[in-house]
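Observations on the model geometry
Listed below, chain by chain, are the residues.
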Amino acid sequence: MMFQIISDSACDLSQKYIHKHNIEIVPISVSFDGETFLKDTLEISRKEFYQRLVDDPALFPKTSLPSVESYAEVFRKYAKDQIPVICFTISLHLSGSYNSARNAKMLVEEEYPQADITVIDSQQNTVSQALIIDQTVRMRDAGLSVKEVLDKMDALMKSARIIFTVGSLDYLQIGGRIGKLAKFTSGKLGVKPIIIMKDGDIGFGGLGRNRNKIKNSLIEIAEKYLTERGKDNFIVSVGYGYDASEGVSFMSAVEEKIGIRLNTDTNVEIGVVSCTHTGPHAIGIGIIQKYETIS
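**What about the packing of helix α5 (residues 126–141) against helix α6 (residues 146–159)?**
The interhelical angle for the contact between α5 and α6, taken along N-to-C directions, is 155°, at an axis separation of 11 Å. It follows that α5 is roughly antiparallel to α6 by the angle criterion. Along this stretch, α5 crosses α6, giving a crossing that reads as right-handed. Touching Ile132, Gln135, Thr136 and Met139 of α5 are Val149, Lys152, Met153, Leu156 and Met157, all from α6. Residues of the contact of α5 with α6, tallied by class, amount to 6 nonpolar, 2 polar and 1 charged.

Given below as structure tokens:
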């Protein structure tokens with residue numbers, strides 16, 4: 001093993017993928033009452049979390065970033081054996097997970113001066129964070145060194161996008177994540193936004209009331225982005241929320257209308273962390289450039 005890949009749990013990669021590719025996950029925690037925090041996947045399942053939100057639309061949970069010691073505990077395992085680490089976190093615009101990991105890096109490097117730990121703000125979340133990790137897995141498995149991987153990382157992350165929509169703006173508003181969208185959505189009853197996440201932040205991509213039309217718009221935006229840059233140069237996956245059947249149907253529509261095969265390994269069930277801020281009915285398309293096409 002040339003280096004170890006670590007991520008917080010916002011990446012939403014499946015347990016099958018995590019085990020197959022030896023990814024270490026540091027869980028973000030979630031709370032329904034602001035007092036008791038449960039570790040993502042370890043102490044509360046995605047299914048249980050989603051069901052509680054669907055059953056009680058008045059619930060608005062909160063997340064809590066991993067502690068410095070949670071990261072440090074994982075980093076130490078590899079520092080002891082002098083195995084380099086690349087650690088990805090959810091966008092700093094959405095969580096302080098990056099800062100926690102950075103502080104853990106400094107702590108462990110004091111204890112183990114030979115430690116080689118790189119902490120990266122992925123500037124993404126859920127499916128696009130998963131895609132960044134997947135490209136890093138592919139580079140590691142192809143024998144690229146840490147330096148060679150990091151040399152491609154900025155361009156890789158700049159190519160990444162999530163183009164998505166939500167079932168309700170309430171979660172974004174209450175979580176303080178609505179930002180630039182506020183001026184576009186203020187006072188417009190019943191509308192749902194098209195949201196584009198790139199370079200770490202979320203931006204406005206359009207509005208609509210009919211969910212099927214909005215999903216078609218997501219596909220059109222993705223298709224335009226890919227066509228302009230060469231579809232063969234990119235990997236595409238889908239992230240979906242509570243309604244698994246909607247997710248499967250959307251995958252088929254994306255493949256048919258864009259004319260590209262999805263990377264099924266990184267189609268994700270949007271997890272606890274993202275659901276906290278977007279609600280149970282988020283759905284979207286993740287895009288990233290293939291590392292081989294980055295010079």
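**A closer look at helix α4 (residues 97–111)**
Since there are 3.6 residues in each turn of an α-helix, residues three or four apart along the chain are aligned in direction. A rise of 1.5 Å per residue sets the reference length of α4, with its 15 residues, at 21 Å; its end C-alpha atoms lie 21 Å apart and thus fit the reference within 8%. Buried within α4 we find Ser97, Tyr98, Ser100, Ala101, Ala104, Lys105 and Val108. In a view along the axis of α4, the buried residues occupy a sector of 155°, so they form one face of it. Tucked inside the fold, the buried residues of α4 contact β1 (4–8), α3 (68–80), β6 (85–89) and β7 (117–121).

**Some words on the pattern of salt bridges**
Tallying each qualifying case throughout the model produces 13 salt bridges. The residue lysine 77 makes a salt bridge to glutamate 24 at a minimum N-O spacing of 2.4 Å. Of this pair, lysine 77 sits in helix α3 while glutamate 24 sits in strand β2 (residues 24–26), and the two are 53 residues apart along the sequence. In this structure lysine 77 comes out as partly exposed when scored by relative accessible area, which is 41%. Glutamate 246 is paired through a salt bridge with lysine 215; the nearest N and O atoms lie 3.0 Å apart. Taken as a pair, glutamate 246 in helix α10 (residues 244–258) and lysine 215 in helix α9 (residues 211–229) lie far apart in primary sequence, 31 residues in all. The same class applies to glutamate 246 as to lysine 215, namely buried. Taken together, the salt bridges that share partners define one network made up of Glu69, Arg76 and Glu111.

**Thoughts on the layout of surface pockets**
Empty space within the largest pocket amounts to approximately 530 Å³. Leu13, Ser14, Gln15, Ile18 and Thr41 are, among the 23 residues lining the largest pocket, the residues nearest its centre. Counting only elements with at least two residues in the lining of the largest pocket, the list comes to α1 (15–20) and β12 (268–269). If you tally residues by element for the lining of the largest pocket, the top one is α1, at 3 residues.

**Considering the side chain of glutamate 246**
Note on glutamate 246: relative accessible area 13%, which makes it buried. Other than its neighbours up to four places away in sequence, glutamate 246 contacts Arg211, Lys215 and Ile283.

**What to know about the sheet that holds β2**
Note on sheets: strands pair through backbone hydrogen bonds, and any given pair is parallel or antiparallel. On the basis of which strands lie adjacent, the open sheet formed by 4 strands has the order β2-β1-β6-β7 and parallel pairing. Pairing within the sheet leaves two strands with one partner each, and these edge strands are β2 and β7. Pairs of neighbouring strands in the sheet enclose a mean axial angle of 20°, with direction left out of account. Judged from the 3 bridges that link them, β1 and β2 form a sheet pairing that is parallel. Within β2, the position partnered with serine 7 by the bridge is isoleucine 25. Packed on one face of the sheet, α3 meets β1, β2, β6 and β7 and runs near 160° to β2. Running over the sheet, α4 touches β1, β6 and β7 and is turned about 170° from β7.

The rules behind the values
- Residues numbered from 1 in each chain as written.
- Predicted model: local features only at pLDDT ≥ 70, side-chain atom pairs only at ≥ 80, totals over all residues.
- Heavy atoms only, no water.
- Axes fitted to C-alpha atoms, helices over the stretch in contact; angles between N-to-C directions.
- Helix = DSSP H or I, 4+ residues; strand = E, 2+ residues; numbered from the N terminus.
- Parallel < 35°, antiparallel > 145°, perpendicular 65-115°, else oblique.
- Left-handed = near helix turned anticlockwise from the far one by under 90°.
- Contact = heavy atoms within 4.5 Å.
- Nonpolar A, V, L, I, M, F, W, Y, C, P; charged D, E, K, R; others polar.
- Expected span 1.5 Å × (residues − 1).
- Buried < 20%, exposed > 50% of the residue type's maximum accessible area, 1.4 Å probe, protein only.
- Arc of directions from axis to C-beta.
- Salt bridge = Lys/Arg side-chain N within 4 Å of Asp/Glu carboxyl O.
- 1 Å grid on protein atoms, 1.4 Å probe; cavity = no way out; pocket = protein on both sides within 12 Å on 5 of 7 lines; lining within 4 Å.
- Points joined across faces, edges and corners; volume = space filled by probe spheres on them.
- Pairing = 2+ DSSP bridges.

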